[in-house]
Amino acid sequence: QVQLVESGGGLVQTGGSLRLSCATSGVWFSIGDMGWYRQAPGKQRELVATIGSGGSTNYADSVRGRFTISRDNAKNTVNLQMNTLKRDDTAVYYCYADRGDRKLGLLRYWGQGTQVTVSS
């Protein structure tokens, strides 16, 4: 069974930094894109950053220049370095990993989420 487990969330003051990590287990396939979404209270889940298997990255405008996504293909892990945090970054952060299936198409696996709270 494929599992993704996030870690590194917590409480930080405005301007501070956090590093989120996402570890996988039970992965028997070649992972495609990996990335992070977040969901703030009362808001829809939004894309934060993605990274392809070759290392190409994409960021939401709101985090570009402050967040950095990275991955280790050998370990099937993905990280999110978050700097200069703002109160608007407060949310539950979810990691994901994609797999392409010839019959089923794109399958996405999710972690359970980790809370990030930025206080003033």
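Going by the structure above, here's the rest.
The rules we used
Residues numbered from 1 in each chain as written. Predicted model: local features only at pLDDT ≥ 70, side-chain atom pairs only at ≥ 80, totals over all residues. Heavy atoms only, no water. Helix = DSSP H or I, 4+ residues; strand = E, 2+ residues; numbered from the N terminus. Rg over C-alpha atoms; globule rule 2.2 N^0.38 Å. Buried < 20%, exposed > 50% of the residue type's maximum accessible area, 1.4 Å probe, protein only. Contact = heavy atoms within 4.5 Å. Areas by Shrake-Rupley, 256 points an atom, 1.4 Å probe, with all protein chains shown as cover. Pairing = 2+ DSSP bridges. Axes fitted to C-alpha atoms, helices over the stretch in contact; angles between N-to-C directions. Salt bridge = Lys/Arg side-chain N within 4 Å of Asp/Glu carboxyl O. Disulfide = S-S within 2.5 Å.

Asks: Please explain the overall build of the chain as it appears in this structure.
Replies: Of regular secondary structure, the chain possesses 0 helices and 11 strands. Of the regular secondary structure in the chain, the N- to C-terminal order runs β-β-β-β-β-β-β-β-β-β-β. Taking 120 residues into account, the globule formula puts the C-alpha radius of gyration at 14 Å, and the chain, at 14 Å, falls close to it. Taking the principal axes of its C-alpha atoms as reference, the chain extends roughly 50 × 25 × 20 Å. Relative to its 120 residues, the chain shows a buried fraction of 42%. Considering only intrachain contacts with a sequence separation of at least 6, the fraction spanning at least 24 residues in the chain is 54%. Accessible surface, the chain as shown: approximately 6,600 Å² in total, 46% of it carbon and sulfur.

Asks: Explanation requested: the sheet that holds strand E7 (residues 67-72) in the structure shown.
Replies: Neighbouring strands of a sheet are bound in pairs by backbone hydrogen bonds; such pairs are parallel or else antiparallel. In space, the 4 strands of this open sheet follow the order E1-E3-E8-E7, with antiparallel pairing throughout. Of all strands in the sheet, those with a lone pairing partner are strand E1 (3-7) and E7, marking the two edges. With direction set aside, neighbouring strand axes in the sheet form an average angle of 15°. The sheet contact formed by E7 and strand E8 (residues 77-82) spans 6 bridges and is antiparallel. Bridging from a neighbouring strand, Arg71 pairs with Val78 of E8.

Asks: Just to check I follow, could you spell out the pattern of salt bridges for this structure?
Replies: Side chains that differ in charge, positive against negative, can pair when their charged atoms come close. Per the counting criterion, the structure on display carries 6 salt bridges. Between Arg38 and Asp89 there is a salt bridge; the shortest N-O distance is 2.9 Å. One end of the pair, Arg38, is in strand E4 (residues 34-39); the other, Asp89, is in the loop between E8 and strand E9 (91-101), and 51 residues separate them in sequence. Summarising the burial analysis for this pair, Arg38 and Asp89 share the class buried. One connected set of salt bridges, linked through shared partners, spans Arg38, Glu46, Arg66 and Asp89.

Asks: Is there a simple way to explain unusual backbone geometry in this structure?
Replies: Excluding glycine, residues mostly carry a negative phi; peptide bonds, for their part, are mostly trans. Notably, Asn76 is not glycine yet its phi reads approximately 55°, a positive angle. Structurally, Asn76 can be placed in the loop between E7 and E8. Even without being glycine, Thr84 reaches a positive phi, approximately 50°. For Thr84, a relative accessible area of 46% puts it in the partly exposed group.

Asks: Is there a simple way to think about the state of the cysteines in this case?
Replies: Each disulfide is one covalent bond, formed between the sulfur atoms of two cysteines. Summed over the entire model, instances satisfying the criterion amount to 1 disulfide. One disulfide bridge connects Cys22 with Cys95, the sulfur atoms lying 2.0 Å from each other. Residues Cys22 and Cys95 share a disulfide whose torsion about the S-S bond is about 50°; that sign makes it right-handed. Remark: Cys95 occurs in strand E9 and Cys22 occurs in strand E3 (residues 18-25); sequence separation between them is 73 residues. What makes Cys95 buried here is its relative accessible area of 0%.

All we've got here are geometric facts, nothing functional implied.
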